[in-house]
Amino acid sequence: SYSISGIPVVEKSGRLVGILTNRDVRFASDPEQKIHELMTRDNLVTVKENGDQQEAKRLLQSHRIEKLLVVDTEGRCVGLITVK
């Protein structure tokens, strides 16, 4: 209902641990299933917060993804770049 297609999942410290996307929940049938069971946590594609636009575009294209997670030097999620 809010047209959200992806949400970064972080620890209390802000450290990135995964991303939950429409693709992850599309076929989930149990509304009680935990986020950590559904989210993508392996091989996350990230870019450093000071990365340039061309690097972000290259990562999106080469990995064929629609969402690129932005992290700081401590691995904390500080943003999300989308194709749209």
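Since we're looking at a predicted model, the values are computed, not measured.

Student: Sorry, what's going on with the nonpolar core here?
Tutor: The nonpolar side chains of a soluble globular protein tend to be buried, and buried together. With seven residues, the main nonpolar core is built from Val45, Val47, Ala56, Leu59, Leu60, Leu68 and Val70. Counting residues per element, the ones that place at least two in this core are α3 (53-63) and β4 (67-71). Ranked by the residues each element gives to this core, the list is headed by α3, at three residues. Sequence-distant contacts of valine 70, defined by excluding residues within four places in its chain, comprise Val47, Lys48, Glu49, Arg76, Cys77, Val78, Gly79, Leu80 and Ile81.

Student: Before we go on, may I ask you to explain the layout of surface pockets in this structure?
Tutor: If a probe the size of a water molecule is rolled over the atoms, the empty space left behind becomes visible. By volume, the largest pocket amounts to about 410 Å³. Taken together, the elements giving at least two residues each to the lining of the largest pocket come down to β2 (16-21), α1 (22-25) and β4. Of the residues contributing to the lining of the largest pocket, the split by class is five nonpolar, five polar and six charged.

Student: So what exactly am I meant to see when it comes to unusual backbone geometry here?
Tutor: Glycine aside, residues mostly have negative phi angles, and peptide bonds mostly take the trans form. Positive phi outside glycine occurs at asparagine 43, with the angle close to 55°. Note that asparagine 43 resides in the loop between α2 (35-38) and β3 (46-48). Positive phi values are uncommon outside glycine, yet arginine 64 reaches one of about 50°. Here arginine 64 lies in the loop between α3 and β4.

Student: Can you walk me through the sheet that holds strand β5 (residues 77-82) in this structure?
Tutor: Strand pairing in a sheet is mediated by backbone hydrogen bonds. Such pairs are either parallel or antiparallel. Read across the open sheet, the three strands follow the order β3-β4-β5; overall the sheet is mixed. Two strands in the sheet have a free side with no partner beyond their single neighbour: β3 and β5. Here the strands of the sheet are splayed against their neighbours by 30° on average, with no regard to which way each runs. Where β3 meets β4, three bridges bridge the pair, whose relative direction is parallel. The residue of β4 that forms the bridge with lysine 48 is valine 71. Here α3 sits on the sheet and contacts β3, β4 and β5; the angle it forms with β4, its principal contact strand, is near 135°.

Student: How do you make sense of the pairing of β2 when you look at a structure like this?
Tutor: The side chains of a regular strand alternate, residue by residue, between the two faces of the sheet. Within β2, five of the six residues are buried, which leaves it mostly tucked inside the rest of the structure. Sheet topology note: the strand β1 (residues 6-10)/β2 ladder contains five bridges and is antiparallel. Residue isoleucine 7 lies in a different strand from β2, and its bridge partner there is leucine 20. Here β1 folds back onto β2 in antiparallel fashion, the turn holding five residues, of which glycine 14 has a positive phi close to 95°.

Calculation notes
Residues numbered from 1 in each chain as written. Predicted model: local features only at pLDDT ≥ 70, side-chain atom pairs only at ≥ 80, totals over all residues. Heavy atoms only, no water. Core = buried A, V, L, I, M, F, W, Y, C linked by side-chain atoms within 4.5 Å. Buried < 20%, exposed > 50% of the residue type's maximum accessible area, 1.4 Å probe, protein only. Helix = DSSP H or I, 4+ residues; strand = E, 2+ residues; numbered from the N terminus. Contact = heavy atoms within 4.5 Å. 1 Å grid on protein atoms, 1.4 Å probe; cavity = no way out; pocket = protein on both sides within 12 Å on 5 of 7 lines; lining within 4 Å. Points joined across faces, edges and corners; volume = space filled by probe spheres on them. Nonpolar A, V, L, I, M, F, W, Y, C, P; charged D, E, K, R; others polar. Pairing = 2+ DSSP bridges. Axes fitted to C-alpha atoms, helices over the stretch in contact; angles between N-to-C directions.

All quantities given are derived from atomic positions and should not be read as evidence of function.
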